[in-house]
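A look at the structure
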Amino acid sequence: MDKQFDETYKLSPRFSDNPENLKKQRFIEETQIRIQAELPIRPTNIAYFETLMNNQDQKKKSKPRIGYFCNMVPREIIGALEAEPVRLDCGNNAASQVGEEVLSGEICPLTRATFGSFLNSNSLANTCDLLVLPAACDAKRKMGEILNDFKPTFMYNLPPEQNFHSYRDFSFRETLRLVTFLETHLAVKLSRKILNREIKKEQRRSMLVRTLQEERIKKPAALTGADFFLIIQSSLFRPAQLDEWLLETEKVIDQIRSFQPERTSLHPRLILTGAPMVWPNFKLLNLVQESGADIVADTLCTGGQSCFDPVVLDELGKKALLHALTNRYVFASICPCFISQTTRMNRIIDLFKTAGAEGVINYSLRLCQLFDMENFRIVNTLKNLKIPYLNIRSDYSLEDTEQLRVRIEAFLETL
Amino acid sequence: MITAGIDIGSTTSKAVILEEDTILGQVVQPSRILPSDSAHEVFEKCCAANGIESSQVTAVAVTRYGRRLAKFGDLVITEIRACGLGAKLVDSPKGKIHTIIDVGGQDTKIITLADDGSVEEFAMNDKCAAGTGRFLEMLANKLELNYEEFVKAALQSDTMIQMNSTCTVFAESEVISLLARGIDKNDIAAAVHNAIADRIGSMVRRVGQKEVVCFTGGGARNLALTKALEGNLNKRLYIPDSPQTMIALGAALAAREKLKKRGVT
Amino acid sequence: MNTLYTFLAHYLEPLTSCFYLLGLLFLFLFLSRRVSPATWIYVSLTLFTVIFWLLYRIIEEYPAVSRWTERLNSPLVVIMVVLVLPAIFFKHSRWYKYFLILPALLLILSVLEIFHQYQEVPQGFAWFLMRPGYLIAGVISFLVLAHSFMGLATFRRATRITMVLVLIYGGFAFRQNYVDYQAMVERRVDTGKDLMVFSETTPVMKYEQRLSYIPSAPCRFSADGGYVQGCVMELLQRIMQLNFSKVARGDTVEMTLLAIALAALLAMVVLLFIGARWWCGWICPLSSLGDLFDFLRKKLGLPHLKPSHPLKLTYLVSGLSFAGFSLLLAKAYAHIDKQGAFLGCKIPMHPFCKICPGQQVCPVASKGIGAYPPLPGMEWLFGFFKIAALLLLGLFLFGFITSRRLWCRFCPMGMIGGIFNRGGLLALKKDVQKCNGCGVCSDVCPMNIHRVQEEKKHNNVSSFNCIYCLKCVDKCPQDQCLSLQFSGKIIVQSTFKING
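Structure report, in brief.

Conventions used here
- Residues numbered from 1 in each chain as written.
- Chains lettered and ligands numbered in written order.
- Predicted model: local features only at pLDDT ≥ 70, side-chain atom pairs only at ≥ 80, totals over all residues.
- Helix = DSSP H or I, 4+ residues; strand = E, 2+ residues; numbered from the N terminus.
- Rg over C-alpha atoms; globule rule 2.2 N^0.38 Å.
- Buried ≥ 20, exposed ≤ 12 C-beta atoms within 10 Å, placed from the backbone.
- Contact = placed C-beta atoms within 7 Å.
- Arc of directions from axis to C-beta.
- Nonpolar A, V, L, I, M, F, W, Y, C, P; charged D, E, K, R; others polar.
- Pairing = 2+ DSSP bridges.
- Axes fitted to C-alpha atoms, helices over the stretch in contact; angles between N-to-C directions.
- Core = buried A, V, L, I, M, F, W, Y, C linked by C-beta atoms within 7 Å.
- Parallel < 35°, antiparallel > 145°, perpendicular 65-115°, else oblique.

What to know about the overall build of chain A
Per the secondary structure count, chain A includes 15 helices and eight strands. A compact globule built from 415 residues would reach a C-alpha radius of gyration of about 22 Å, and chain A, at 21 Å, matches this within 12%. With respect to the principal axes defined by its C-alpha atoms, chain A has extents near 60 × 55 × 40 Å. Evaluated residue by residue, chain A yields a buried proportion of 52% over its 415 residues. Look at the contacts in chain A between residues 6 or more apart in sequence, and 74% of them connect residues 24 or more apart.

Okay, structure coming up:
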């Protein structure tokens, strides 16, 4: 298979073993655990998800581990090749500081943090054998070559337009390239039956996440936004045993269903949309919770939207399965890296109506041009539809917590 | 019914005591280190200065930094809402206030109000000193003038010099280089005011500037800034009689509205 | 008992025809969505009884018309179906499954009937009970009741299989009496009789010689097909073949032919306006037979061809060309001379039937391979007809083997139906705001229609080629995004479910 990265100027992987910084990273995670432990109502089996998220022992692995980014890489293919997929987007502020020391420039905190996690020779990221990176934004596109110095990386190119008929074949060919790359490096052939089985498992995850979201809309206080994100992210961002996770999540759903809300739990109901919020960067979720509002639904690729669309199968030939995967992962995505944001706008408005929400919080990461530029249309459309909204732009650091708090409280006061 | 509003700022704290629509008394004084101390002090001082017993006050609302930490009062609101409410009582003779520009020592707020006086949209600049009163203070320092002299100097100038820096720190260096080139201090002072007016003006245009536009906060007492801002926005700005205490006034109003909602008279 | 029967026979007889039954069921299906069921039952039953009582009076006045309604006269069918229909409204009650006993009973009785038919004509009371209408009513009510717990795809498959059996074999199974059945057996055993010749020498108006209950919708070449051939091309050919100069001169035979053709045309237009091309996706037995290849291909996991735009256009244009040319020949037929030639060329009656793959597929399906020569009568196997027949058979097989429903882009019947797709009562609607652009609808569409996925503004995504198979509605993972609507009322909607 043709090499994507020309290795003429390949550098050896560099590590920056800074024990102080590692302590800081740990401290940030523990702070978030503490903050979440004080949430009023938590599912009884939340400890399972917390352990999944915080267990430092996950470096051990029984199968090859493939690191991937974003929401657009078909996990089922990785699973069908007897490997475990782990999403490597990092949300730790200290990691982003380390990354900044090496990767200079005005790069988004997510990229810096992810790179920072690679600089730590002992991190989860470095236990991966291969990496798959969708060319979603400029930062990720250039990071592919940089990460190729660390581990063999595959750049999964995305079409610029979600134009089904112009780019369907292009995306399908990219998926085939991905399959070839993984098959070559893992020395396993992709089997139709096993792929079908993996798809069915992921469909179950999709159904459970949807059910969780629906139940949260009906009984918002039963599960707070931060716990919802924790449950979803523990299965995506850590090597998780999917079967166990599915069982535990079903228990959470049962608990939500039997929840009896107190009479005074009438929070302002909000929809959250915008840039990914990765553990432990739950700053905004904590603030909203502390201000007394409830994020009932969200369109974040690290939250409710991550497993929202199921893979829909019609025919069961290998090609047809790969087509179905591409359709769901690439063409149904609401990421702003595509030229039209209509699907995201539709989703926000649809969620707002279905959830009976009172306002929208539009969150963008500092230095992310994609989300910043989408704000223009979102703000004007929401204004025209008389939907109250709040724009927040922030990065991973906690220094602007109070300033964000003022804005959120002022926004809530206007509802 | 008598209510009070307390505005705990980082440099100064203000208190206003309100009965129906009359202001019984207002006090501005430097803040203490702990917000609770500031709150207590300013409230007691205001009561004492106007011959009111603290027990006569039915409800107190606290706002701005430390509003939650002060552990004082019956209601906590953000300064944005307080600002919006304050505008209700200081209605200009020209009509209802729809836009408020609040330039404080550490932050600047632009708030647009709907016809019924509720907050529609707001923007805050609280992350960067440029555009706040701090900008003026630091540059006044660099010109070796105190604040009043600085303002007077700016008013005396009629030459337009453009300052390039948007950052306070770099602006300081630019001021020094202008001085070294022999530019008149008055002109520099005016340029500094224009620079800050530029930043505030672009914030206003981003949010909206429906008439009547009210200019308040500590910065509103600065005539040079008012002049520069009016020039930038090409509008007459309405300045209330006591711009510094408008937020505390709004807080007192919020306390009263809460009581009314509860059915207390 | 006799008086009851007389009462029923007179006043409910018209209701016994299976067409009216179908219409009634369909009406209930879509009416039951919104308004209180009890009101609708009451209103509809009254309305229908009144209307059809009026029609019955008309039938009594003009006995010629009555021959069309004599079939399937079985008053008890009405009672049975009326008892079954309310079950539609109690879908969620525990008693629902007990309603299935009634269609089961109907089916048992119909089997008994068939069995009895071939022994002896029963007399008296037994005759009163057994009629083949039971089978139809039984099957239809079973399908209607079962659809609420079958998935949409399974329901459609069951319907299509039923339709193949009923429409292709129905004519064979249901004869009005034993004598007719014996005559039929004789005809079939006599292999000397070419099916083509046979069908042409007994055109539809001579119905006494071929008495059957079941209209054989796709093709007159289903062995012993019914007396009404539903093929649009046949109808158009009949109209073309009329010698209008004879009509002008008042020739009774020609005028009767014209009257029949026009009546059928009117009926067709009404049905098409109500159902547009729906019958292509649910009833057409030719496509159901062709889809057997598709089923095999799917089971083997083989990919299918996604036809390019030029290929689709080829099919459309050639379909129109073949149909047009055949109709031209049919027009020429009206003016053949004594030798049966027009301008020196021999022209057959129903020229399109000679080249249509239906006349090869249907006999094979209904009689078995090798029972009849599958190709058209030898006398017509020359020139245009020979080449066209083989070409069209090739297109048919190629379309169904490699490319799902590509043939349906050729079929002239489909094209006439397609005209009513946008503008008729049936419509495929999309809530654009709920669409996430995943493209599954376009991928599963057997007609390869892009509009359903691409449409981002308007609600109506019906298109000319849509056969309302509802695969897109079934597979769409977004709640309430795609829906089939009849005159604004939602019949089926897409919902999120784990499928595949």
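Re helix H4 (residues 147–156) of chain B
Regarding H4(B), the residues found buried are Phe150(B), Val151(B), Ala153(B) and Ala154(B). The buried residues of H4(B) occupy an angular sector of 160° when the element is viewed end-on, so they sit on one face.

A few points about the interface of chain B and chain A
Each partner contributes residues to the interface: chain B has 10 residues there, and chain A has eight residues. When residues in the side of chain B that touches chain A are grouped by element, the largest group, three residues, is from strand S8 (residues 119–125) of chain B. Of the residues that constitute the side of chain B that touches chain A, the class distribution is five nonpolar, two polar and three charged.

Digging into the sheet that holds strand S4 (residues 153–156) of chain A
All names here are of chain A. Taken together, the four strands give an open sheet; going across it, the order is S2-S1-S3-S4, and neighbouring strands pair in parallel fashion. Both outer strands of the open sheet, strand S2 (84–87) and S4, are each paired with one neighbouring strand and no more. Direction aside, the axes of adjacent strands within the sheet are offset by 25° on average. Of the pairings in the sheet, the one linking strand S1 (residues 65–68) to strand S3 (residues 130–134) comprises three bridges and is parallel in character. Bridge pairing in S3 links glycine 67 to leucine 131. On top of the sheet, helix H6 (residues 138–148) reaches S3 and S4; it is set at about 165° to S3, its chief contact.

What about the interface of chain C and chain A?
In this assembly, 23 residues from chain C lie in contact with 28 residues from chain A. With four residues, the top contributor of residues to the side of chain C that touches chain A is helix H23 (residues 440–444) of chain C. Among the residues forming the side of chain C that touches chain A, the class breakdown is eight nonpolar, 10 polar and five charged.

Structural notes on the nonpolar core
The biggest cluster of nonpolar side chains holds 273 residues, and the ones touching the most others in it are Leu270(A), Ile271(A), Ala4(B), Ile6(B), Ala15(B), Ala251(B) and Ala252(B). The element best represented in this core is helix H6 (residues 185–207) of chain B, accounting for 10 residues. Ignoring sequence-local partners within four residues, the contact set of Leu270(A) consists of Val288(A), Ala293(A), Asp294(A), Ile295(A), Val296(A), Ala357(A), Glu358(A), Gly359(A), Val360(A) and Ile361(A).

Considerations on the sheet that holds strand S3 (residues 22–30) of chain B
Residue and element names in this part refer to chain B. If you trace the five strands from one edge of the open sheet to the other, you get S3-S2-S1-S4-S5, paired in mixed fashion. Strand pairing shows two members of the sheet lacking a second neighbour, S3 and strand S5 (75–77), which therefore form its edges. Mean inter-strand twist for the sheet, computed between neighbouring axes without regard to direction, equals 20°. Of the pairings in the sheet, the one linking strand S2 (residues 12–19) to S3 comprises eight bridges and is antiparallel in character. Note that in S3 the partner of serine 13 across the bridge is glutamine 29. The sheet strands contacting helix H1 (residues 35–49) are strand S1 (2–8), S2, S3 and strand S4 (57–63), and the helix crosses S3 at an angle near 135°. Packed on one face of the sheet, helix H8 (residues 246–262) meets S1, S2, S3, S4 and S5 and runs near 135° to S1.

Looking at the pairing of strand S5 (residues 489–493) of chain C
Here is the key point about a regular strand: its side chains alternate between the two faces of the sheet. All names here are of chain C. Summarising the sheet, strand S4 (residues 482–486) and S5 pair through four bridges and their orientation is antiparallel. The residue bridging serine 483 from the neighbouring strand is glutamine 493, located in S5. The turn linking S4 back onto S5 is made up of two residues, and serine 487 within it adopts a positive phi angle of 50°.

Quick notes on the environment of Ala222(A)
All names here are of chain A. Assignment of secondary structure puts alanine 222 in the loop between helix H8 (192–218) and helix H9 (225–236). Given 21 C-beta atoms within a 10 Å radius, alanine 222 is considered buried. It is 5.5 Å that separates the C-alpha atoms of alanine 222 and isoleucine 256, two residues lying 34 residues apart in sequence. If near-sequence neighbours (up to four positions away) are discounted, alanine 222 is found in contact with Ile41, Arg216, Ile256 and Phe259.

Side note on the packing of H4(B) against H6(B)
All names here are of chain B. Two elements in contact, H4 and H6, have axes separated by 7 Å at closest approach and are oriented at 95°. Classified by the angle their axes make, H4 and H6 are roughly perpendicular. Here Phe150, Ala153, Ala154 and Gln156 of H4 lie close against H6, whose contacting residues are Lys185, Asn186, Ala189, Ala190 and His193.

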